[in-house]
Number of protein chains: 2
Amino acid sequence: MGMEATAWPTNLPEDLRAHLPEGLADGVFPAGCPSRTVLDHITSKWGVLILLALSEGEQRWSELRRRAEGISEKMLAQTLKTLERDGLVLRKAQPVIPPRVDYSLTERGYELSGLLVPLVTWAYNNADDILNGQR
Amino acid sequence: MGMEATAWPTNLPEDLRAHLPEGLADGVFPAGCPSRTVLDHITSKWGVLILLALSEGEQRWSELRRRAEGISEKMLAQTLKTLERDGLVLRKAQPVIPPRVDYSLTERGYELSGLLVPLVTWAYNNADDILNGQR
DNA sequence: TAAGGTACTCACCTTTTGGTAAGTTATGGG
DNA sequence: CCCATAACTTACCAAAAGGTGAGTACCTTA
């Protein structure tokens, strides 16, 4: 309400639509499904931002902290651990003092970032329109 | 550790990478940025699932409840309200008893779902590998 | 001797998110 | 008269996410 929201026609030709894989073809994810867990990791508030930052190349802890503006050390550690466990992020610690740790995307993580970047870009480009259109 | 995570080379030719828009070219979202808010809406646990379900066409409240398996009525209402406010979902209520309400994607919502579907598909295809590769 | 740098962990507390169960609406059918 | 129905709302509570500030390790530099 307040904005001219137009409905998208439901009867588009099949080949103009993005396709869901079989098994969730009707949009149903089984509730306990592993993909729900993975989806939660990769769409988490800080997860997206970290993957995004790393899509620009290998970075140190402190650099990631700067890029994911507003993240706490606790959440940075937690998020990196989850992504590392998921095989999306690679941690390389050098045994020097003061410590130096470099984070980068794995091949799988890089593949994922290729899907995340368009999404974030879209959010960035549409954010003002979306939030202004609210009565 | 436990899995053979290989690092992706950092020095790829520029044109093989997905690109971030300027303004977040170095991967920094300003902390209070509107796009953070929008991103939170569209990557929320239930938001993704609802947008996904609606990418298959117009649906009633009760149908959405079934498809987003495990969602409570409270969260369904809340999620739909947010997406409607954001101009991504269109609500059409018919003044009949018992009530009938149909939800569909707006043009903007449809555009978004085109980016979300590949992401969810990726999660679906990779979920088992990811969760099994964890020591 | 003391301070500084880096990458963390931990305990404690607050805030946000989410679930449950009940109530609401108005009408048509038994 | 009373129940069922669809799409909600509300109050209350539990769980999860997240912030804060302190502490740790160890070597280097001043």
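Residues numbered from 1 in each chain as written. Chains lettered and ligands numbered in written order. Predicted model: local features only at pLDDT ≥ 70, side-chain atom pairs only at ≥ 80, totals over all residues. Heavy atoms only, no water.

A. Here's a closer look at the sheet that holds strand 3 (residues 100-105) of chain B. All names here are of chain B. What the three strands build is an open sheet, ordered 1-3-2; its pairing is antiparallel. A strand with exactly one partner marks an edge of an open sheet, and here the two such strands are strand 1 (59-60) and strand 2 (89-94). Pairing geometry for strand 1 and strand 3, over two bridges, is antiparallel. Pairing of Arg60 across the sheet is with Asp102, part of strand 3. Across the face of the sheet, helix 2 (residues 45-54) comes into contact with strand 1, strand 2 and strand 3 while running at roughly 95° to strand 3. (Pairing = 2+ DSSP bridges. Helix = DSSP H or I, 4+ residues; strand = E, 2+ residues; numbered from the N terminus. Contact = heavy atoms within 4.5 Å. Axes fitted to C-alpha atoms, helices over the stretch in contact; angles between N-to-C directions.)

B. Highlighting helix 5 (residues 107-132) of chain B. An ideal rise of 1.5 Å per residue puts 38 Å on 26 residues; helix 5 of chain B measures up with 38 Å between its terminal C-alpha atoms. Maximal helix bending in helix 5 of chain B amounts to about 50°, located at Asn126 of chain B. (Expected span 1.5 Å × (residues − 1). Bend = angle between axes of the 7 residues up to and from the residue.)

C. Examining the sheet that holds strand 1 (residues 59-60) of chain A more closely. Residues and elements named next belong to chain A. Sheet architecture is open: three strands sit in the order 1-3-2, paired in antiparallel fashion. Two strands in the sheet have a free side with no partner beyond their single neighbour: strand 1 and strand 2 (89-94). Across the face of the sheet, helix 2 (residues 45-54) comes into contact with strand 1, strand 2 and strand 3 (100-105) while running at roughly 95° to strand 3.

D. Spatial organisation of the pairing of strand 3 of chain B. Residues and elements named next belong to chain B. Counted residue by residue, strand 3 has five buried out of six residues, so it is predominantly covered. Relative to strand 3, strand 2 is paired through six bridges, and the arrangement is antiparallel. Bridged to Lys92 within strand 3 is Asp102. Where strand 2 hands over to strand 3, the hairpin turn is made up of five residues, counted between the paired strands. (Buried < 20%, exposed > 50% of the residue type's maximum accessible area, 1.4 Å probe, protein only.)

E. Quick look at the protein's contact with DNA strand C. Taken together, 21 residues form the shell around DNA strand C, and within it Glu73, Arg91 and Tyr103 of chain A together with Lys74 and Met75 of chain B come nearest. In DNA strand C, atoms within 4 Å of the protein come 62% from sugar and phosphate. A distance of 3.1 Å is found between a phosphate oxygen of DNA strand C and a side-chain nitrogen or oxygen belonging to Ser62 of chain A. Here a phosphate oxygen of DNA strand C and a side-chain polar atom of Lys81 of chain A are 2.9 Å apart. The set of elements that each furnish at least two residues to the surface near DNA strand C consists of helix 3 (61-67), helix 4 (73-85) and strand 3 of chain A together with helix 2 and helix 4 (73-85) of chain B. The element contributing the most residues to the surface near DNA strand C is helix 4 of chain A, with four residues. (Near = heavy atom within 4 Å. Polar contact = N/O pair within 3.5 Å; in protein donor to acceptor, adjacent residues only side chain to side chain.)

F. Highlighting the protein's contact with DNA strand D. Of all residues adjacent to DNA strand D, which total 20 residues, the nearest are Lys74 and Met75 of chain A together with Glu73, Arg91 and Tyr103 of chain B. Lys74 of chain A is positioned with one of its side-chain polar atoms (N or O) 2.3 Å from a base oxygen of DNA strand D. For DNA strand D, a base nitrogen lies 2.3 Å from a polar atom in the side chain of Glu73 of chain B. Listing elements by their share of the surface near DNA strand D, those giving two or more residues are helix 2 and helix 4 of chain A together with helix 3 (61-67), helix 4 and strand 3 of chain B. In terms of residues, the surface near DNA strand D owes the most to one element, helix 4 of chain B, which gives four residues. Split by residue class, the surface near DNA strand D holds nine nonpolar, three polar and eight charged. (Nonpolar A, V, L, I, M, F, W, Y, C, P; charged D, E, K, R; others polar.)

G. Summary view of the interface of chain A and chain B. Taken residue by residue, the interface counts 79 residues in chain A and 79 residues in chain B. Around 7,400 Å² of area is buried between chain A and chain B when both sides are counted, 63% of it from carbon and sulfur atoms. Of all the elements in the fold, those that place two or more residues in the side of chain A that touches chain B are helix 1 (34-42), helix 2, helix 3, helix 4, strand 3 and helix 5 (107-132) of chain A. Residue contributions to the side of chain A that touches chain B peak at 22 residues, all from helix 5 of chain A. For the side of chain A that touches chain B, the residue count by class is 42 nonpolar, 17 polar and 20 charged. (Buried area = accessible area lost by both parts, 1.4 Å probe.)

H. Molecular detail of the nonpolar core. With 70 residues, the main nonpolar core has Ile42 of chain A together with Ile42 of chain B as its most contacted residues. Look past the residues within four positions of Ile42 of chain A in its chain and what remains in contact with it is Val48, Leu88, Leu112 and Leu116 of chain A together with Leu119, Trp122 and Ala123 of chain B. (Core = buried A, V, L, I, M, F, W, Y, C linked by side-chain atoms within 4.5 Å.)

I. Molecular detail of the relation of the copies chain A and chain B. The two copies are related by a screw motion: chain A maps onto chain B through a turn of 180° and a shift of 0.0 Å along the axis, at an RMSD of 0.1 Å. Here the two chains are linked by the operation of a two-fold rotation axis. No C-alpha of chain A lies nearer the rotation axis than that of Thr43 of chain A, which sits 2.7 Å from it. (Least-squares fit on C-alpha atoms with pLDDT ≥ 70 in both.)

J. Spotlight on the pattern of salt bridges. In total, this model carries 14 salt bridges over all chains according to the counting rule given. Across the salt bridge formed by Lys45 of chain A and Asp40 of chain B, the nearest N and O atoms sit 3.8 Å from each other. Of the two residues, Lys45 of chain A is situated in helix 2 and Asp40 of chain B in helix 1 (residues 34-42); the pairing between them involves two chains. For Lys45 of chain A, a relative accessible area of 43% corresponds to the partly exposed category. Overall, the relative accessible area of 31% leaves Asp40 of chain B in the partly exposed class. Taking the shortest distance from any N to any O, the salt bridge between Glu58 of chain B and Lys92 of chain B comes out at 2.8 Å. You can see Glu58 of chain B sitting in the loop between helix 2 and strand 1 and its partner Lys92 of chain B sitting in strand 2, a full 34 residues away along the chain. By sharing partners, the salt bridges in this structure join Glu63, Arg66 and Arg67 of chain A into a single network. (Salt bridge = Lys/Arg side-chain N within 4 Å of Asp/Glu carboxyl O.)

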